[in-house]
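# Coordinate inspection notes
Listed below, chain by chain, are the residues.
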Amino acid sequence: MAHVIAVAGKGGVGKTTLTGLLIQYLGDQGKGPVLAVDADANSNLNEVLGVEAPPTLGEIREAINHAEESGSGMSPGMSKADYAEFRLQGALAEEDDFDLLVMGRTQGKGCYCYVNGLLQTQLQKLQKQYPYIVVDNEAGLEHISRGILPSMETAILVSDCSRRGVQAAGRIKDLIVELKLNPARMGLIVNRAPNGVLNEGTRDEIEKQGLELLGVVPADDTVYEYDCDGRPTVELPETSPVRKALLEIIAKLGL
């Protein structure tokens, strides 16, 4: 079974950037192929990785509904289930060291229940084909509370230096414990810390939330510049302080 790494936390704290660098590291170390999962409806993991996104599960869901309603695209006698299986075969972007699966969003009104179900089914189907599955979760608790992930060996919670971010990570930690998901390792990365240093208030909140601090990633203007220029974050130079800090964290996790 795959080693599932779930990355979660409050929105805007840099989860996707760190997830992309982690996926790149696993591939560079010959630990692939990795199944990279962008489980955020507002998906952009492909931009961090520098690849084209495949058809999203949300788009495939809309195509299935359209085909069922109009009859177009489906061969005579093809069931909705068969057509869905046919379309889902194109849901993976295959790269040298990783394959990318993107949840995406539904069009217009409506809940995400069907797309969540597609994601859960695909993960259950694919989990035996990869040594690692790395999931970039949406902001909040939904994918964890719905039990969409097939398992969770490593839970990486990400926050910025704000108390609200650390509190959000604490709530996710509590939910993981409540649901008895029992990851072998769970801890917090504080991202974008000025000069790579945490102030006393942030450290107090981490202790209050009962979180293990895995490490601190410094703020780096180069990451901001890459984002503004549309350059993949995985092209950061080897001397990047973000890379160096993340490598220390990965070693601590034993990945």
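Let me begin by describing the structure that accompanies this report. This structure is a prediction, so every number in the text was calculated from the model and none was measured. (Residues numbered from 1 in each chain as written. Predicted model: local features only at pLDDT ≥ 70, side-chain atom pairs only at ≥ 80, totals over all residues. Heavy atoms only, no water.)

### A closer look at helix α10 (residues 241-253)
In this model, α10 (13 residues) spans 19 Å end to end at C-alpha, consistent with the 18 Å of a helix rising 1.5 Å per residue. Those residues of α10 lying buried are Val242, Arg243, Ala245, Leu246, Ile249, Ile250 and Leu253. Mapping the buried residues of α10 onto a view down its axis gives an arc of 165°, with all of them on the same face. Opposite its buried face, α10 presents the exposed residues Glu248 and Ala251, each directed more than 90 degrees away. On its buried face, α10 is in contact with α1 (15-28), β6 (154-159), β7 (185-193), β8 (213-218) and α9 (221-229). (Helix = DSSP H or I, 4+ residues; strand = E, 2+ residues; numbered from the N terminus. Expected span 1.5 Å × (residues − 1). Buried < 20%, exposed > 50% of the residue type's maximum accessible area, 1.4 Å probe, protein only. Arc of directions from axis to C-beta. Contact = heavy atoms within 4.5 Å.)

### A short note on the pattern of salt bridges
Within this structure, the stated rule accounts for five salt bridges. Put simply, Glu205 and Arg163 hold a salt bridge, and the shortest N to O gap is 2.6 Å. Of this pair, Glu205 sits in helix α8 (residues 200-208) while Arg163 sits in helix α7 (residues 163-178), placing them 42 residues apart in sequence. For Glu205, a relative accessible area of 2% translates into the label buried. A relative accessible area of 43% places Arg163 in the partly exposed class. (Salt bridge = Lys/Arg side-chain N within 4 Å of Asp/Glu carboxyl O.)

### Examining α7
For α7, which comprises 16 residues, the first-to-last C-alpha distance of 22 Å matches the rise-based estimate of 22 Å (1.5 Å per residue) to within 8%. Taken residue by residue, α7 has Gly165, Val166, Ala168, Ala169, Gly170, Ile172, Lys173, Leu175 and Ile176 as its buried positions. Looking one or two residues beyond α7, the residue adopting positive phi is Lys180, at roughly 55°.

### A look at the environment of Gln120
The topology assignment puts Gln120 in helix α5 (residues 113-126). With 67 residues separating them along the chain, Gln120 and Gly187 place their C-alpha atoms 24 Å apart.

### Digging into the packing of α7 against α8
Helices that pack against each other are described as a pair by the angle of their axes relative to one another and the distance between those axes. Interhelical geometry of α7 versus α8 gives an angle of 15° and a closest axis separation of 9 Å. As summarised for this structure, α7 and α8 are arranged roughly parallel, according to the angle between their axes. In this structure, α7 meets α8 at a crossing whose hand is right-handed. Two secondary-structure elements touch here, α7 through Arg163, Val166 and Gln167 and α8 through Gly201, Thr202, Glu205 and Ile206. Among the residues making up the contact of α7 with α8, the classes are represented as two nonpolar, three polar and two charged. (Axes fitted to C-alpha atoms, helices over the stretch in contact; angles between N-to-C directions. Parallel < 35°, antiparallel > 145°, perpendicular 65-115°, else oblique. Left-handed = near helix turned anticlockwise from the far one by under 90°. Nonpolar A, V, L, I, M, F, W, Y, C, P; charged D, E, K, R; others polar.)

### Examining the packing of aromatic side chains
Scanning the model with the defined rule gives zero aromatic pairs in all. Note that Arg231 overlies the ring of Tyr226, its terminal NZ or CZ placed 4.2 Å from the centroid. (Phe/Tyr/Trp six-rings, centres within 6.5 Å; stacked < 30°, edge-to-face > 60°. Lys NZ or Arg CZ within 6 Å of the ring centre and 35° of its normal.)

### Some thoughts on the side chain of Thr16
Relative to the helices and strands, Thr16 is located in helix α1. The contact partners of Thr16, leaving out residues within four places of it in the chain, are Asn44, Leu45, Val48 and Asp136.

### Some thoughts on the sheet that holds β8
With mixed pairing, eight strands are arranged side by side in an open sheet as β3-β4-β2-β5-β1-β6-β7-β8. Strands with a single pairing partner mark the edges of an open sheet, and in this sheet they are β3 (92-94) and β8. This sheet shows a mean twist of 20° between the axes of neighbouring strands, independent of strand direction. With six bridges joining them, β6 and β7 adopt parallel strand pairing. (Pairing = 2+ DSSP bridges.)

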